[in-house]
Amino acid sequence: LPPVPYDFIAPVRDGSVLIEDYDPYGKGITRLSDILSQSGNRKVRIAMVGDSYIEGDILAQDIRAGLQERFGGSGVGYIGAFSQFPGFRGSVNQSCSGWEETEIRKMEASDPLRTILGHYHTAGEGAMTRYKGSAKPAHVTSWTSTTVLFKSASQGTITLSGSDTQARSFPVEASDDLQAVSLDASTSDISITTDVPGLKVLGVWLESNTGIVLDDISLRGNSGLSHRRLDATTTAQMRRWIDYDVIILEFGLNVVSVEQTDYTAYGRAMTDVVNNIKTLYPQAVILLLGVGDRAIKKGTQYLSMPTLPALIKAQRETARITGSLFYDTRAAMGGDGAAVDWHARKLVNADYVHLNHHGGKELADIFLKSLYTTLP
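Figured I'd write up the structure that's included with this text. These figures come from a predicted structure and were not determined experimentally.

Helices and strands together make up the secondary structure of the protein chain, namely 8 helices and 19 strands. Its C-alpha atoms give the protein chain a radius of gyration of 20 Å, near enough to 21 Å, the size a compact globule of 376 residues would have. With the principal axes as the frame, the protein chain shows a C-alpha extent of 60 × 45 × 40 Å. Going through the 376 residues of the protein chain one by one, you find that 57% of them count as buried. Of the contacts formed within the protein chain by residues at least 6 apart in sequence, a portion of 77% connects residues at least 24 apart. One finds the centroid of the 36 positive side-chain charges in the protein chain at a distance of 2 Å from the centroid of its 42 negative side-chain charges.

Another aspect to go through is the environment of Ala-10. Note that Ala-10 resides in the segment before strand E1 (12-13). Spatially, the C-alpha atoms of Ala-10 and Asp-272 are 24 Å apart, while their sequence positions differ by 262 residues. In this structure Ala-10 touches Val-17, Glu-20, Arg-316, Asp-328 and Ala-331, once residues within four positions along its chain are discounted.

This brings us to the packing of helix H2 (residues 60-71) against helix H8 (residues 357-374). At a minimum axis distance of 7 Å, the contact between H2 and H8 shows a crossing angle of 45°. Between H2 and H8, the crossing angle belongs to the class labelled oblique. In this structure, the crossing between H2 and H8 has a hand that is right-handed. For the pair formed by H2 and H8, the contact residues are Gln-61, Asp-62, Ile-63, Gly-66, Leu-67, Arg-70 and Phe-71 on the first element and His-357, Gly-360, Lys-361, Ala-364, Phe-367, Leu-368, Leu-371 and Tyr-372 on the second.

If you walk across this open sheet you meet the 6 strands as E3-E19-E16-E15-E4-E14, and the pairing is mixed. The strands lining the two open edges of the sheet, one partner per strand, are strand E3 (20-21) and strand E14 (211-218). Direction of pairing for strand E4 (residues 43-50) relative to strand E15 (residues 246-250): parallel, over a ladder of 5 bridges. Residue pairing across strands places Gly-50 opposite Glu-250, the latter belonging to E15. Those strands touched by helix H4 (residues 264-280) are E15 and strand E16 (285-289), and its axis lies near 155° from that of E16.

This paragraph deals with helix H5 (residues 308-322). Taking 1.5 Å as the rise per residue, H5 with 15 residues should run 21 Å; its terminal C-alpha atoms sit 21 Å apart, in good agreement. Three or more residues of H5 are buried, namely Leu-308, Ala-310, Leu-311, Ile-312, Ala-314, Gln-315, Arg-316, Glu-317, Thr-318, Ala-319, Arg-320 and Thr-322. For H5, the secondary structure elements touched by its buried residues are E3, H4, E16, strand E19 (325-327) and helix H6 (329-333).

Further remarks concern the packing of H4 against H5. Direction vectors running N to C along H4 and H5 enclose 35°, while the axes themselves pass 9 Å from each other. In this structure, H4 meets H5 at a crossing whose hand is right-handed. For the pair H4 and H5, contact is made by Tyr-266, Gly-267, Met-270, Thr-271, Val-274, Asn-275 and Lys-278 and by Leu-311, Ala-314, Thr-318, Ile-321 and Thr-322, respectively. Across the contact of H4 with H5, the residue classes break down as 6 nonpolar, 5 polar and 1 charged.

Moving on to the pattern of salt bridges. The full count for this structure, using the stated rule, is 17 salt bridges. Note that Arg-45 and Glu-207 form a salt bridge whose closest N and O atoms lie 2.8 Å from each other. One end of the pair, Arg-45, is in strand E4; the other, Glu-207, is in strand E13 (residues 200-207), with 162 residues separating them in the sequence. Judged on exposure class, the residue Arg-45 and its partner Glu-207 are both buried.

Ranked by internal contacts, the top residues of the largest apolar core, which has 88 residues, are Met-238, Tyr-244 and Ile-247. Ignoring any residue separated from it by four or fewer positions in sequence, one finds Met-238 in contact with Thr-115, Ile-116, Leu-117, Leu-149, Leu-178, Trp-205, Tyr-244 and Tyr-281. Formed by 26 residues, the second largest nonpolar core is a distinct cluster that contains Ala-81, Ala-123, Leu-183 and Ile-192.

We now examine the side chain of Ser-191. By secondary structure assignment, the location of Ser-191 is in strand E12 (residues 189-194). Accessibility expressed as a relative area gives 15% for Ser-191, which makes it buried.

Turning to its location among the elements, Arg-294 is positioned in the loop between E16 and strand E17 (295-298). Here Arg-294 is buried and forms no salt bridge, its nearest opposite-charge partner Asp-351 lying at an N-O distance of 6.8 Å. Ignoring sequence-local partners within four residues, the contact set of Arg-294 consists of Leu-253, Val-256, Leu-303, Ser-304, Met-305, Leu-308, Ala-339, Tyr-352 and Val-353.

Moving on: unusual backbone geometry. Backbone torsion omega between Lys-136 and Pro-137 reads -5°, so that peptide bond is classified as cis. One can find Pro-137 in the loop between strand E7 (119-133) and strand E8 (143-151). Here Asp-14, not a glycine, exhibits a phi torsion of approximately 55°, which is positive. Relative to the assigned elements, Asp-14 resides in the loop between E1 and strand E2 (16-17). At His-139, a position not held by glycine, the phi torsion is positive, near 75°. In this structure, His-139 sits in the loop between E7 and E8.

Applying the stated criterion across every chain yields a total of 5 aromatic pairs. Residues Tyr-327 and Phe-367 carry aromatic rings whose centres are separated by 5.2 Å and whose planes lie at 85° to one another, so their mutual orientation is edge-to-face. Taken together, the residues span a long stretch of sequence, with Tyr-327 in strand E19 and Phe-367 in helix H8 at a distance of 40 residues. We note that Tyr-327, like Phe-367, is buried. Positioned above the aromatic ring of Tyr-372 is the side chain of Arg-70, whose terminal nitrogen or guanidinium carbon lies 3.8 Å from the ring centre.

Here is what the cut-offs are and how they apply
- As a convention, each chain's residues are numbered from 1 in the sequence order in which they are written.
- pLDDT decides what is reported in this predicted model: residues at 70 or higher carry local features, side-chain atom pairs at 80 or more are listed and counted, and totals for whole chains, interfaces and linings draw on all residues regardless.
- With hydrogens and water set aside, each side-chain value is computed from the structure's full complement of heavy atoms.
- Strands here mean DSSP runs of E at least two residues long; helices mean DSSP runs of H or I at least four residues long; both are numbered from the N terminus.
- The atom set for the radius of gyration is the C-alpha atoms, and the globule formula is 2.2 Å times the number of residues raised to the power 0.38.
- Only protein chains enter the accessibility calculation, which uses a 1.4 Å probe; a residue is then buried when its area is under 20% of its type maximum, exposed when over 50%, and partly exposed in between.
- Contact between two residues is taken to exist if any of their heavy atoms lie within 4.5 Å; hydrogens are not considered.
- Under the counting rule used here, the positive set is Lys and Arg, the negative set is Asp and Glu, and His together with the chain ends is not counted.
- Where a charge lies is defined by one atom per residue type, namely NZ (Lys), CZ (Arg), CG (Asp) and CD (Glu).
- Fitted lines through C-alpha atoms serve as axes, helices being fitted only where they are in contact, and the angles separating the N-to-C directions of these axes extend from 0 to 180 degrees.
- For classification purposes, an angle smaller than 35 degrees is called roughly parallel, one larger than 145 roughly antiparallel, one from 65 to 115 roughly perpendicular, and anything else oblique.
- Whether a crossing is left-handed or right-handed is set by the direction in which the near helix is turned from the far one by less than a right angle, anticlockwise for left-handed and clockwise for right-handed.
- Here, strands pair whenever DSSP counts at least two bridges between them.
- By this rule the span expected of a helix is its residue count minus one, scaled by 1.5 Å.
- For this scheme, ten residues count as nonpolar: Ala, Val, Leu, Ile, Met, Phe, Trp, Tyr, Cys and Pro. Four count as charged, namely Asp, Glu, Lys and Arg, and the remainder, Gly too, count as polar.
- Note on definitions: salt bridges are taken to be side-chain nitrogens of Lys or Arg within 4 Å of carboxyl oxygens of Asp or Glu.
- Definition of nonpolar core: a set of buried residues of the types Ala, Val, Leu, Ile, Met, Phe, Trp, Tyr and Cys, connected through side-chain atoms within 4.5 Å.
- The aromatic pairing rule takes the rings of Phe, Tyr and Trp, using the six-membered ring of Trp, and pairs them if the centres are within 6.5 Å, calling planes under 30 degrees apart stacked, those over 60 edge-to-face and the rest tilted.
- Two conditions define a charge located above a ring, namely a distance within 6 Å from the ring centre to NZ of Lys or CZ of Arg, and an angle within 35 degrees of the ring normal.

Take a look at the structure:
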């Protein structure tokens with residue numbers, strides 16, 4: 001497809017900004033529609049990978065709830081064994097102790113646990129984590145399947161138990177390969193403990209056996225560039241249990257600045273990221289979210305950052321070059337001045353950048369309307 005003009009205006013239908021399809025055969029949206037239509041018979045797994053814009057399940061939780069309402073499914077999907085701020089996330093109640101966190105920007109380039117998840121957690125003595133369902137948003141009160149994905153250099157056990165679930169201990173082998181244990185039981189409360197010091201847990205999945213599973217995979221301050229290098233062997237093993245049909249990439253807030261007016265280099269780097277992910281997940285539909293609006297103070301006024309269109313152009317070009325889908329988030333929010341308006345309506349924080357939970361719900365509703373308007 002030819003380059004997109006700099007003054008390109010996001011397409012709109014019935015008042016909704018459409019998802020743009022840069023698949024060279026124009027079949028990206030059709031593939032997405034076909035995938036979603038299979039949710040009645042199987043698990044449709046979506047990864048939403050991004051930065052602090054989706055931290056605490058903001059935006060992601062309401063997209064998940066809307067999709068599960070329409071296509072079925074329950075549970076929050078992926079969650080780490082440990083969280084530094086467990087109270088920030090309202091879609092699951094987590095308590096945890098005894099874990100050491102390793103995130104992708106601090107991993108060695110050769111670390112085999114460099115995956116799309118961007119984290120893993122190492123168990124110390126007495127490590128435990130507990131998840132309890134939440135009343136809001138919808139469909140996360142309980143789930144029907146709990147899966148723990150891990151790597152272990154020692155033998156031992158992992159025990160899953162809950163107030164409404166009979167305790168079960170699973171054997172752990174010493175192996176260089178990934179392992180997983182799963183408990184198929186309807187529950188709203190699960191605790192995970194282990195007697196294997198040094199057990200490396202990639203994540204835990206609380207989900208249903210059919211319908212939509214949407215994993216919120218966020219890393220504060222991440223530009224996305226760390227995902228240029230992911231371990232192919234571990235990813236292939238991971239896909240035995242956790243594979244993705246759709247991967248949504250939400251990045252850019254940590255790159256844009258007033259001083260920088262050309263984001264071509266960032267776009268090239270993100271093209272490498274997307275192509276790498278497409279190689280590792282060749283059947284997945286990739287959707288890039290353009291950066292949302294943000295405002296800066298100029299004199300006594302707050303105005304949208306003037307360099308945002310340049311970044312969005314680079315992001316759209318990444319979608320075009322990689323044959324991915326693209327959604328102009330800023331245009332969907334209202335375009336120039338949107339962050340000021342959303343702040344006035346108490347939908348973004350005092351930084352005029354990050355959504356609060358009300359703003360996340362607002363943008364999720366806008367996105368879902370765009371999705372349903374775009375689908376055939």
